[in-house]
Amino acid sequence: MEELEAALAEHAYLADRGLTTAIYLALHLDRPLLLEGEAGVGKTEVAKVLAALLDRELVRLQCYEGIDASQALYEWDYSRQLIAVRAAQLGEGQADLFGREFLVERPLLAAVRAGSRAVLLIDELDRADD
């Protein structure tokens, strides 16, 4: 606990004992950390500091009213798919229209693909619809 507290302080984040304990348990039990509180108290900064501290990529999903699964997970690049179809019709190529090159990765897919190399921050979760 003291090592974690010191490491957070080295990254300019001063956490009280309760928050340090919650972070410690989340890390050692490999569980998500849910932080609630007023705006400006440092919830988002915790994710930023943890990403820096653990040398991981910070992947941020900013929630808002009306966000849907495609904006959180992935979307298909329809314009690139149409160009590929046109090229195939002209005999200038053939492509798997649902291949990786046509996939636009969104935060949740990026975090899943990164696995333990990422810290996923889901910000303003309460603003998202069901």
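Further up the page is the structure itself.
Residues numbered from 1 in each chain as written. Predicted model: local features only at pLDDT ≥ 70, side-chain atom pairs only at ≥ 80, totals over all residues. Heavy atoms only, no water.

> Explain the nonpolar core to me, please; I cannot follow it from the model alone.
In terms of nonpolar packing, the biggest core is built from nine residues, these being Leu-4, Leu-8, Tyr-13, Ala-15, Leu-19, Ile-23, Val-46, Val-49 and Leu-50. For this core, the elements supplying multiple residues, two or more each, are α1 (2-10), α2 (17-29) and α3 (43-53). Grouped together as the second largest cluster of nonpolar side chains are five residues, Val-59, Ala-110, Ala-111 and Ala-118 included. (Core = buried A, V, L, I, M, F, W, Y, C linked by side-chain atoms within 4.5 Å. Buried < 20%, exposed > 50% of the residue type's maximum accessible area, 1.4 Å probe, protein only. Helix = DSSP H or I, 4+ residues; strand = E, 2+ residues; numbered from the N terminus.)

> Is there a simple way to explain the packing of aromatic side chains in this structure?
For any pair of aromatic rings, the description rests on two quantities: the centre-to-centre distance and the angle between the ring planes. Summed over all chains, the structure comprises two aromatic pairs. A centroid spacing of 5.2 Å and a plane angle of 85 degrees characterise the contact between Trp-76 and Phe-98, whose relative ring orientation is edge-to-face. Of this pair, Trp-76 sits in strand β2 (residues 74-76) while Phe-98 sits in the loop between α5 (78-89) and β3 (103-105), and the two are 22 residues apart along the sequence. Note on Trp-76: relative accessible area 22%, which makes it partly exposed. Note on Phe-98: relative accessible area 57%, which makes it exposed. Members of the aromatic cluster, connected to one another through ring pairs, are Tyr-74, Trp-76 and Phe-98. (Phe/Tyr/Trp six-rings, centres within 6.5 Å; stacked < 30°, edge-to-face > 60°.)

> Any chance you could explain the layout of surface pockets here in plain terms?
One simple way to see leftover space: roll a probe sized like a water molecule over the atoms. Its boundaries defined by the atoms lining it, the largest pocket holds a volume of some 1,200 Å³. Lining the largest pocket are 36 residues, and of these Leu-33, Leu-34, Leu-120, Leu-121 and Ile-122 sit closest to its centre. Those elements giving two or more residues to the lining of the largest pocket turn out to be α2, α3 and β4 (118-123). By residue number, the principal contributor to the lining of the largest pocket is β4, which donates six residues. Of the residues contributing to the lining of the largest pocket, the split by class is 20 nonpolar, six polar and ten charged. (1 Å grid on protein atoms, 1.4 Å probe; cavity = no way out; pocket = protein on both sides within 12 Å on 5 of 7 lines; lining within 4 Å. Points joined across faces, edges and corners; volume = space filled by probe spheres on them. Nonpolar A, V, L, I, M, F, W, Y, C, P; charged D, E, K, R; others polar.)

> When you look at the pattern of salt bridges in this model, what are you seeing that I'm missing?
Side chains carrying opposite charge are able to pair once their charged atoms draw close together. Within the structure shown, the criterion is met by five salt bridges. When the shortest N-O distance is used, the salt bridge between Glu-2 and Arg-17 registers 3.4 Å. In this pair, Glu-2 sits in helix α1 while Arg-17 sits in helix α2, placing the two residues 15 residues apart along the sequence. Residue Glu-2 is classed as exposed on the basis of its relative accessible area of 56%. Between Glu-5 and Arg-17 there is a salt bridge, and its shortest N-O distance comes to 3.6 Å. (Salt bridge = Lys/Arg side-chain N within 4 Å of Asp/Glu carboxyl O.)

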